[in-house]
Structure formats: structure tokens, C-alpha cells
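# Structure at a glance
Chain residues, written in single-letter form:
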Amino acid sequence: MGAGRKISCLSLCHLVAALAFSHMIAVFGAKKQLRFGQNGQFKILQVADMHFADGKTTPCLNVFPSQMRTCSDLNTTAFVERMIRAEQPDLIVFTGDNIFGFDATDAAKSLTAAFAPAISSNIPWVAVLGNHDQQSTLSREGVMRHIVDLKNTLSQVNPAEAHIIDGFGNYNLEISGVKGSRFQNKSVLNLYFLDSGDYSTVPSITGYGWIKPSQQFWFQRTSSNLRRAYMSNPEPQRGPAPGLVYFHIPLPEFASFDSSNFTGVKQEGISSASVNSGFFTTMVEAGDVKAVFTGHDHLNDFCGELTGIQLCYAGGFGYHAYGKAGWSRRARVVVASLEKSEKGDWEAVKSIKTWKRLDDQLLTAIDGQALWSKSPAGKFISV
């Protein structure tokens with residue numbers, strides 16, 4: 001009788017374990033399945049530099065004196081909520097300095113509060129680290145591990161296949177074509193997320209961090225694999241699927257523009273690393289990246305094209321971040337749109353466009369522009 005119970009228990013335990021494992025696979029499989037909607041679009045909301053701290057007790061910076069008494073981190077939260085309601089994005093991307101560590105009493109609580117609007121929206125979201133996220137009670141690794149444990153996030157600490165890689169929060173997402181189309185099992189848009197570091201750890205080099213060779217090697221390998229898959233059966237394509245890259249600290253190449261060749265504003269210097277690690281060249285060589293999106297310099301919100309890649313700031317979002325009184329906090333929206341066949345079926349990505357929204361009464365949309373489009377002949381061109 002005892003042995004029978006033991007056997008039954010073992011069988012039951014194996015069954016429960018198998019079901020749990022199957023459920024886990026189903027959950028994570030569904031969690032990672034991002035695709036274009038039936039309207040043929042995929043929309044991304046970028047939130048840069050929230051600088052969240054302790055909530056309602058944290059004051060705003062660089063607002064009018066009349067706003068100071070009632071302004072706090074809660075204004076940042078309200079702006080995130082407004083943007084989500086207005087745009088209904090398919091993915092929310094937080095590009096670093098999510099919290100301002102020096103003023104956050106408890107990093108875990110501050111992170112959870114900062115991402116609360118995304119969590120409660122049930123919209124998939126991701127985050128990368130800035131240079132201030134680790135300045136509270138958690139290390140950079142600790143911050144990223146806390147983030148990946150939050151609900152509805154697709155963030156990763158680091159890619160499983162990369163055994164040695166610098167930083168925390170290097171990963172990619174594949175966006176599949178419309179369900180039921182011939183591209184439903186093919187990634188037609190690729191998103192790359194990287195940790196651009198915080199500060200230099202090399203004594204002879206001062207200033208901010210940069211994207212290291214190990215990260216660039218991971219990017220090269222990932223991009224190569226994705227390009228190969230897209231241009232192979234089934235449904236082989238002539239060129240690579242477009243890629244978008246998100247990280248916090250701008251590259252030195254962001255300093256290549258003036259008011260004659262960008263859309264938006266440049267109101268402060270480019271606070272990139274003091275050395276050029278060559279990541280821009282790495283992206284150009286890969287051939288699939290169409291745009292890069294960063295934060296860090298809150299008073300810059302421009303997009304400029306260099307060697308076929310659009311380099312874009314989002315503009316400062318958070319109210320506990322430095323800004324400029326009278327210059328509205330803002331967010332960037334990016335929409336990729338598919339082309340339609342003569343039969344009316346959704347195909348590959350046709351164009352990528354962007355705009356920004358201001359945190360004013362009307363949530364005003366400004367600076368709409370085309371970032372990239374595919375020519376009628378199937379060739380890829382910058383706009």
C-alpha cells in the first residue's frame with residue numbers, strides 16, 4: 001500500500017512538473033512573441049530619463065516657480081500614463097536613468113514605482129540602464145535583475161548564448177509579421193538593446209562609459225544570424241529586415257549634426273564617451289540598422305541621418321531630471337508600417353516614421369518625420 005502510494009505520488013509529481021514546465025514554456029513563448037497587428041503597424045513608445053526617486057516627496061527640477069509646490073515624481077508617472085492611453089503602443093522602451101539613484105531611498109521600490117504605469121497597462125515593455133540607475137541600493141546587475149522580474153517585461157539581464165559580455169541588459173527582440181500572412185513566422189523588424197555603461201573604469205580615460213568589444217561582437221553575431229534567417233527559406237528576401245537600436249549614452253557621432261541637417265533641437269553638448277569604441281562603424285558594416293535611439297542629454301531631441309543610419313534623441317521625460325522651464329517634457333514614438341501585396345496581403349516593412357509628444361494640455365505631437373523607407377524596387381533607402 002505504501003509503495004503504491006509512493007509510485008502514484010511519483011507519477012503525479014512528474015505529471016505536475018511536466019505540466020508546470022509546459023506552462024512555463026507556453027508563458028515564455030507567448031511572452032516573447034511580438035508581431036505586427038492586423039493594421040500592418042508596430043508602434044514603439046520611447047521613454048528616456050525618468051529620473052524617478054521617491055515618488056510624491058521628490059521635487060521637480062527646472063519648472064516654473066508656480067509649479068514647484070505640486071510637482072513631483074507623480075508628474076512623471078502621470079505623463080507615462082497619458083502617453084500610453086494616447087498612443088496605445090505595442091511596446092514601451094525605457095532607455096535608461098529610469099531612476100535617479102542618488103535620491104532613491106530604496107532602488108527596488110523606486111524601480112517598481114517608475115515602471116508601474118507600464119506594468120499595469122499589460123503592454124509589453126523593456127528597459128536598458130543609464131548612468132544613474134545603480135547609484136542607490138542595488139548594483140547595475142541588481143537593478144537589471146529586479147527589472148526582469150517585473151510583470152509584463154521582455155527585458156533580459158543578458159543573452160543566454162553570450163557567456164562573456166560586458167554590462168547588463170544586452171538583448172534583442174524579433175517582431176514577426178502579421179498572423180496569417182506569409183511573414184507570420186519571420187522576423188520583419190529587429191530590435192537591439194545594449195548597456196552603454198555608466199562611467200569609465202579605465203583610470204587614464206575620464207568621462208562616461210561606452211559599448212565594449214564583447215557587446216559589439218554579440219551584436220555582430222546576432223545581426224548576422226537574423227540577416228541570414230531573413231534572406232533564407234521560407235520566403236527568402238533580397239535584403240535584411242530593418243533593425244532599430246536602443247541604449248542610453250549617445251555615440252560620439254551624434255556630434256556630426258547642426259541645425260541644417262537634423263529635425264528637432266540641440267540645446268546642449270553631446271555627452272558621449274571621451275573615446276570612440278567604433279560601435280557606429282560596426283552598425284554600418286552590419287547593414288541592417290536604420291535608426292539608433294538614446295537619451296542622456298535631456299535638452300536634445302533631434303534626429304539626424306549619418307551614413308544611412310538615423311541618430312535620434314528622445315528628449316527628457318522625467319520631472320526630477322534636469323530640463324528647461326517652459327520647454328515641455330517629451331517622449332518619442334516610432335511606427336513601422338508593412339507594405340501590402342497586390343492581393344492585399346501584409347508583406348515586409350515598408351517604412352519607419354517617428355514623432356514626439358509634449359507633456360502639455362493637448363499632448364501635442366511635433367516633428368513628424370520619415371526615418372526610412374523601402375523603394376518600390378525592393379531596395380532599402382534612407383529618407
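Model, not experiment: these values are computed from the prediction.

Next up on the list: the nonpolar core. Grouped together as the largest cluster of nonpolar side chains are 67 residues, with contacts concentrated most on Phe36, Phe115, Trp125, Leu189 and Leu244. Here this core gets 6 residues from one element, more than from any other, and that element is strand S12 (residues 330-340). If we ignore the near neighbours within four places in the chain, the residues touching Phe36 are Gln41, Phe42, Ile175, Ser176, Gly177, Val178, Val188, Leu189, Ala336, Ser337, Leu338 and Val349. Leu194, Phe254, Phe257 and Val289 belong to the second-largest nonpolar core, a separate cluster that totals 25 residues.

One pass over the structure, following the stated rule, counts 12 salt bridges. Measuring nitrogen to oxygen at the nearest pair gives 2.6 Å for the salt bridge that ties Asp195 to Arg140. Taken together, the residues span a long stretch of sequence, with Asp195 in the loop between strand S6 (187-193) and helix H7 (213-230) and Arg140 in helix H6 (residues 140-148) at a distance of 55 residues. Each member of the pair Asp195 and Arg140 is classed as buried. With a shortest N-O distance of 3.6 Å, Asp301 and Lys356 are connected by a salt bridge. Of this pair, Asp301 sits in the loop between strand S9 (289-294) and strand S10 (303-306) while Lys356 sits in strand S13 (residues 346-358); the two residues are 55 residues apart in sequence, bridging distant segments of the chain. Comparing Asp301 with Lys356 shows no difference in burial state: the two are buried.

With that settled, consider the packing of H7 against helix H8 (residues 279-286). It is at 10 Å that the axes of H7 and H8 come closest, and there the two elements cross at 15°. When the axes of H7 and H8 are compared, the pair comes out roughly parallel. Once H7 is placed against H8, the crossing between them reads as right-handed. Touching Gln216, Phe219, Gln220, Ser223 and Arg227 of H7 are Phe279, Thr282, Met283, Glu285 and Ala286, all from H8. For the contact of H7 with H8, the per-class residue count stands at 4 nonpolar, 4 polar and 2 charged.

The next thing to look at is the side chain of Ser196. Looking at the secondary structure, you find Ser196 in the loop between S6 and H7. On the basis of relative accessible area, Ser196 is assigned to the buried category, the value being 2%. In terms of polar contacts, Ser196 uses its side chain to reach the backbone amide nitrogen of Ile249, at 2.9 Å. Setting aside its immediate chain neighbours within four residues, Ser196 contacts Gly209, Trp210, Ile211, Phe247, His248 and Ile249.

Bringing the confidence of the model for the chain into the picture now. Predicted confidence across the chain gives a mean pLDDT of 91, with 90% of residues reaching 70 or more. Note that pLDDT drops below 50 for residues 1-30; the model gives that stretch 0 contacts with residues more than four away or on any other chain. Note that residues 377-381 has pLDDT below 50 and, in this model, 11 contacts with residues that lie over four places away or in other chains.

Quick notes on the rules
- Residues numbered from 1 in each chain as written.
- Predicted model: local features only at pLDDT ≥ 70, side-chain atom pairs only at ≥ 80, totals over all residues.
- Heavy atoms only, no water.
- Core = buried A, V, L, I, M, F, W, Y, C linked by side-chain atoms within 4.5 Å.
- Buried < 20%, exposed > 50% of the residue type's maximum accessible area, 1.4 Å probe, protein only.
- Helix = DSSP H or I, 4+ residues; strand = E, 2+ residues; numbered from the N terminus.
- Contact = heavy atoms within 4.5 Å.
- Salt bridge = Lys/Arg side-chain N within 4 Å of Asp/Glu carboxyl O.
- Axes fitted to C-alpha atoms, helices over the stretch in contact; angles between N-to-C directions.
- Parallel < 35°, antiparallel > 145°, perpendicular 65-115°, else oblique.
- Left-handed = near helix turned anticlockwise from the far one by under 90°.
- Nonpolar A, V, L, I, M, F, W, Y, C, P; charged D, E, K, R; others polar.
- Polar contact = N/O pair within 3.5 Å; in protein donor to acceptor, adjacent residues only side chain to side chain.
- pLDDT = per-residue confidence, 0-100.

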